[in-house]
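# A closer look at the structure
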Amino acid sequence: MAIYESGEDYLETILVLHKRNDIVRSIDVASELGFSKPSVSRAMSILKKAGYIYMDEKGHITLSDAGQIAAENIYERHTNISQFLMEILGVSEENALKDACRIEHDLSNETYRKICEALVNK
């Protein structure tokens, strides 16, 4: 099943929160993203139905194998784009992180590969 930008953002946030806290709940995702609990609950239901996450009886969220792969891919794109903006273009960290969030979903694979090449060859 295809995953859209908002789903990628949720998966990336779950990954980051899991690295930070080990246990992730919907309320943690809502707090991290500044979204309402009902919005996050709906998104978690969609991601669960699509097979990207699991939720246990306590409401703890874990990524499925497919969810882990998708989350790691988008997190890697975010990290590399942020790094490119800061190190190659000299963009401030604050702006690079915000801009990377916007860019990571729409960037072509070709452009992303060129960004990675530029980072390697800097």
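The following paragraphs examine the structure supplied in this document. (Residues numbered from 1 in each chain as written. Predicted model: local features only at pLDDT ≥ 70, side-chain atom pairs only at ≥ 80, totals over all residues. Heavy atoms only, no water.)

## Digging into the nonpolar core
- Residues Leu11, Ile14, Val29, Met44 and Ile53 are the most contacted members of the largest nonpolar core, which totals 18 residues.
- Among the secondary structure elements, those contributing two or more residues to this core are α1 (5–21), α2 (26–33), α3 (37–49), β2 (61–63) and α4 (65–88).
- The biggest single contributor to this core is α1, with five residues.
- Sequence-distant contacts of isoleucine 14, that is, excluding residues within four places in its chain, are made with Val24, Val29, Met44, Ile53, Ile61 and Leu63.
- Ile81, Leu85, Tyr112 and Ile115 belong to the second-largest nonpolar core, a separate cluster that totals nine residues. (Core = buried A, V, L, I, M, F, W, Y, C linked by side-chain atoms within 4.5 Å. Buried < 20%, exposed > 50% of the residue type's maximum accessible area, 1.4 Å probe, protein only. Helix = DSSP H or I, 4+ residues; strand = E, 2+ residues; numbered from the N terminus. Contact = heavy atoms within 4.5 Å.)

## Here we look at the side chain of glutamate 8
- Along the polypeptide, glutamate 8 turns up in helix α1.
- Salt bridges are absent for the buried glutamate 8, whose nearest opposite-charge side chain, arginine 77, sits at 6.7 Å.
- Setting aside its immediate chain neighbours within four residues, glutamate 8 contacts Ile3, Ile74 and His105. (Lys, Arg positive; Asp, Glu negative; His and termini not counted. Salt bridge = Lys/Arg side-chain N within 4 Å of Asp/Glu carboxyl O.)

## A look at the packing of aromatic side chains
- In the structure shown here, the tally under the stated rule is one aromatic pair.
- Note on tyrosine 10 and phenylalanine 35: the rings are 5.9 Å apart at their centroids and 65 degrees apart in plane angle, and the pair reads as edge-to-face. One end of the pair, tyrosine 10, is in helix α1; the other, phenylalanine 35, is in the loop between α2 and α3, with 25 residues separating them in the sequence.
- With a relative accessible area of 7%, tyrosine 10 lands in the buried category. (Phe/Tyr/Trp six-rings, centres within 6.5 Å; stacked < 30°, edge-to-face > 60°.)

## As for the packing of α1 against α2
- Where α1 contacts α2, the two axes come as close as 10 Å, and the packing angle between them is 105 degrees. With respect to their mutual orientation, α1 and α2 come out roughly perpendicular. Contacts between α1 and α2 pair Tyr10, Thr13, Ile14, Leu17 and Arg20 from the former with Asp28, Val29, Glu32 and Leu33 from the latter.
- For the contact of α1 with α2, the class distribution of residues is five nonpolar, one polar and three charged. (Axes fitted to C-alpha atoms, helices over the stretch in contact; angles between N-to-C directions. Parallel < 35°, antiparallel > 145°, perpendicular 65-115°, else oblique. Nonpolar A, V, L, I, M, F, W, Y, C, P; charged D, E, K, R; others polar.)

## What about α1?
- Under the 1.5 Å per step criterion, the end-to-end length of α1 is 24 Å for 17 residues, consistent within 8% with the ideal 24 Å.
- Buried within α1 are the following residues: Gly7, Glu8, Tyr10, Leu11, Glu12, Thr13, Ile14, Leu15 and Leu17.
- Each element contacted by the buried residues of α1 is listed here: α2, α3, β1 (53–55), β2 and α4.
- One or two steps after α1, the chain reaches aspartate 22, where phi turns positive at roughly 75 degrees. (Expected span 1.5 Å × (residues − 1).)

## Let's talk about the pattern of salt bridges
- According to the stated counting rule, one finds five salt bridges in the structure shown.
- A salt bridge links arginine 25 to aspartate 28; its shortest N-O distance comes to 2.9 Å.
- For lysine 114, the salt bridge is made with glutamate 117, and the minimal N-O distance between the two is 3.8 Å. On the criterion of helical spacing, the pair formed by lysine 114 and glutamate 117 is a turn pair, its members being three residues apart in helix α6 (residues 109–120).
- For glutamate 117, a relative accessible area of 40% gives the class partly exposed.

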